[in-house]
Amino acid sequence: MRVRFAPSPTGFLHIGNARTAIINHLIAKKYNADLILRIEDTDMERSTKESEKSILEDLKWLGIEWTEGPDKDGGCGPYRQSERFDIYKKYSDRLVKEGKAYYCYCSAEELDEMRAEALETGRTSTYNGKCRSLSAEEKQKFTDEGRKPTIRFRVEENHEIKIRDLIKGEVIFNSDNIGGDFIIVRSDGVPVYNYIVVIDDLLMKITHVIRGEDHLSNTPKQILIAEALGFERPVYAHMALVMGDDKKKLSKRHGITSVALYRSEGYLPEALVNYISMLGWASETGEEILKIEDIISQIDLDNLAKSAAVFDFKKLKWMNANYIRSADDEVIYRQLLPFLSAAGYDISSYDENFLRKAVLFSRNYCELLSDIGQHMEIFLNDKPAVDGETEELLKSEAGQLIINSATEVLENLPDDSYADQFVDVIKEKTGLKGKNLFMPCRAVITGRMHGPDLADTMKILGRGKCLERISYFKTRYPAG
Ligand code: GLU
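Let me begin by describing the structure that accompanies this report.

Rules used throughout
- Residues numbered from 1 in each chain as written.
- Predicted model: local features only at pLDDT ≥ 70, side-chain atom pairs only at ≥ 80, totals over all residues.
- Heavy atoms only, no water.
- Pairing = 2+ DSSP bridges.
- Helix = DSSP H or I, 4+ residues; strand = E, 2+ residues; numbered from the N terminus.
- Axes fitted to C-alpha atoms, helices over the stretch in contact; angles between N-to-C directions.
- Near = heavy atom within 4 Å.
- Polar contact = N/O pair within 3.5 Å; in protein donor to acceptor, adjacent residues only side chain to side chain.
- Areas by Shrake-Rupley, 256 points an atom, 1.4 Å probe, with all protein chains shown as cover.
- Salt bridge = Lys/Arg side-chain N within 4 Å of Asp/Glu carboxyl O.
- Buried < 20%, exposed > 50% of the residue type's maximum accessible area, 1.4 Å probe, protein only.
- Parallel < 35°, antiparallel > 145°, perpendicular 65-115°, else oblique.
- Left-handed = near helix turned anticlockwise from the far one by under 90°.
- Contact = heavy atoms within 4.5 Å.
- Nonpolar A, V, L, I, M, F, W, Y, C, P; charged D, E, K, R; others polar.
- 1 Å grid on protein atoms, 1.4 Å probe; cavity = no way out; pocket = protein on both sides within 12 Å on 5 of 7 lines; lining within 4 Å.
- Points joined across faces, edges and corners; volume = space filled by probe spheres on them.
- Core = buried A, V, L, I, M, F, W, Y, C linked by side-chain atoms within 4.5 Å.

Taken together, the three strands give an open sheet; going across it, the order is 3-4-7, and neighbouring strands pair in antiparallel fashion. Edge positions in the sheet fall to strand 3 (101–104) and strand 7 (182–185), since each of these pairs with one other strand and no more. In this sheet, neighbouring strand axes are inclined to one another by 45° on average, regardless of whether the strands run parallel or antiparallel. The sheet contact formed by strand 4 (residues 150–153) and strand 7 spans three bridges and is antiparallel. By the bridge assignment, Phe153 is partnered in strand 7 with Phe182.

Attention now goes to the site of the ligand. Around the ligand sit Arg4, Ala6, Pro7, Ser8, Glu40, Tyr193, Val197, Arg211 and His215, and those are all the residues in its vicinity. One of the side-chain nitrogen or oxygen atoms of Ser8 is found 3.0 Å away from a nitrogen atom of the ligand. At a separation of 2.9 Å, an oxygen atom of the ligand approaches a polar side-chain atom of His215. For the ligand, whose accessible area on its own is 300 Å², the fraction buried by protein is 85%.

A full pass over the atoms with the stated rule returns 40 salt bridges. Glu40 serves as the salt-bridge partner of Arg38, at 3.0 Å between the closest nitrogen and oxygen. A relative accessible area of 0% places Arg38 in the buried class. Note that Arg334 is salt-bridged to Glu330, the shortest N-O span being 3.3 Å. Highlighted residues: Arg334 and Glu330, both in helix 12 (residues 329–342), separated by four residues, approximately one helical turn. The class of Arg334 is partly exposed, set by a relative accessible area of 46%. Assessed through its relative accessible area of 35%, Glu330 is described here as partly exposed.

Below, the discussion takes up the packing of helix 6 (residues 193–203) against helix 7 (residues 219–229). Interaxial distance between helix 6 and helix 7 falls to 9 Å at its minimum, and their mutual angle equals 55°. As the angle between them shows, helix 6 and helix 7 are arranged oblique. Crossing of helix 6 against helix 7: the hand is right-handed. Contacts between helix 6 and helix 7 pair Tyr193, Asn194, Tyr195, Val197, Val198 and Ile199 from the former with Lys221, Gln222, Ile225, Ala226 and Leu229 from the latter. Residue composition of the contact of helix 6 with helix 7, grouped by class: eight nonpolar, two polar and one charged.

Mapping Val425 onto the fold places it in helix 17 (residues 418–430). Separated by 19 residues in the primary sequence, Val425 and Ala406 place their C-alpha atoms 9.3 Å from one another. Sequence-distant contacts of Val425, that is, excluding residues within four places in its chain, are made with Val409 and Leu413.

Let us look at the pairing of strand 6 (residues 169–174). Note that strand 5 (residues 160–165) and strand 6 share six bridges and pair antiparallel. Within strand 6, the position partnered with Ile163 by the bridge is Val171. In this antiparallel pair of consecutive strands, strand 5 and strand 6, the connection spans three residues.

Regions of empty space are outlined by a rolling probe, equal in size to a water molecule, passed over the atoms. Within this model, the largest pocket holds a volume of roughly 1000 Å³. Surrounding the largest pocket, 40 residues form its lining, Ser8, His14, Asn17, Asp214 and His215 being those nearest its centre. Broken down by secondary-structure element, the contributors of at least two residues to the lining of the largest pocket are strand 1 (2–5), helix 1 (15–30), helix 6 and strand 8 (208–212). When grouped by side-chain class, the residues that make up the lining of the largest pocket number 15 nonpolar, 15 polar and ten charged. Size it by volume and the second largest pocket reaches roughly 370 Å³. In terms of lining residues, the second largest pocket is bounded by 20 residues, among which Glu270, Leu290, Lys291, Ile292 and Tyr323 are the most central. For the lining of the second largest pocket, the secondary-structure elements that each account for two or more residues are helix 9 (269–277), helix 10 (292–298), helix 11 (313–326) and helix 12.

Counting 107 residues, the largest nonpolar core has Leu62, Leu340, Phe379 and Phe422 as the members making the most contacts within it. Residues contacting Leu62, with those up to four places away along its chain left out, are Leu13, Ala18, Ile22, Val259, Pro269, Leu272 and Val273. Counting 35 residues, the second largest nonpolar core, distinct from the first, contains Val171, Val185, Tyr195 and Met204.

Below, the structure written as structure tokens:
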């Protein structure tokens, strides 16, 4: 079995294409099949090397492993369409020779007129067949005029094209409804996607074409080409499109759609792969967080999703938080450090042991890796900024009572339980309770009224640092 992912390098890898890549990857893993990466770069104006590079980087980051591609020769290359023009030419020459395709000399103006006429008269094909049977003299005349011909594929009338699609079931098209004779090679000699995709899929021995439903309407043209060339067809599976919450095709209007941006925002590739795979398939057990091995064991060619999936940005974030919490300590620590630096902290200036403990504790509160800076502030900023409400609290009677007793209380507690007993002993000493007790206790250590468990926070900070914080607040809000 051989599947493929065939991106056009005309921009960033976005969610829709990433889903196609991920589903092909999972299916390839499941069946121990080859995954071929083919770069469809015949749109010379829009294709760029930078885009190809970024797509490859994003695929690698997602953990997608292709067995053959531009960087991995498997004997079916080249794997960039722009490097295969001589191959395509052989086949277009053959189609012309066999009368299945022909040179068309119509100018842009003539084609515009035909289109308008088709609209007016209700003709189903936009092209009126003008160049279908030109004589040698007529062709010569056009050539002498300097016209550069396109090559058009001759579409037989009223021909039924049946597609047995693994997801859609049987889909039937009539050749009368696909716009008429279509161009397979443009006048500048560049061949057209619908034509070359067929040749590539055959020569690259693709057995299963799994792609987005937006390509379903291209499939009849591709089948006609395959029939004309006498090629065997691959099995098709067209996945329903990914939608935004308004049930329109997912686009930038809905939120982030580029994989590269998800990466820089601090999503984990495992979370993205898990979530995106669910846009093409659903676990029978209804479980949402699944290891890739479990997805591979459950996913199958006959259980790919039939209906459109709505991309739920919140769910993805929730899933990411789950992955951050349950990731291997060492791995997540290494992944979080660059985000901590980006938040402005000089990582090398902290004791490594302390930093690790604080980071591994704070990761439990991060939805994104980039949240780490904000959660680490209570550990790394020894002179925390205090908001108005907290300042009021520290200046209040309860705040002052706590500021004034905290040092003595903390100094006299035993080493192994100072953090756990701190609030209780302050309570005994001051008689304060509830919010008046808990909030100032937290504020004299962290500068904030809310936050993660105070005893845990104090243990990570260590008694020395806690005492320093208290004395800082004492100087800042002296009794008086
Ligand atoms: N190059 C096409 C695209 O990026 C994919 C073609 C295909 O999968 O057949 O949409």
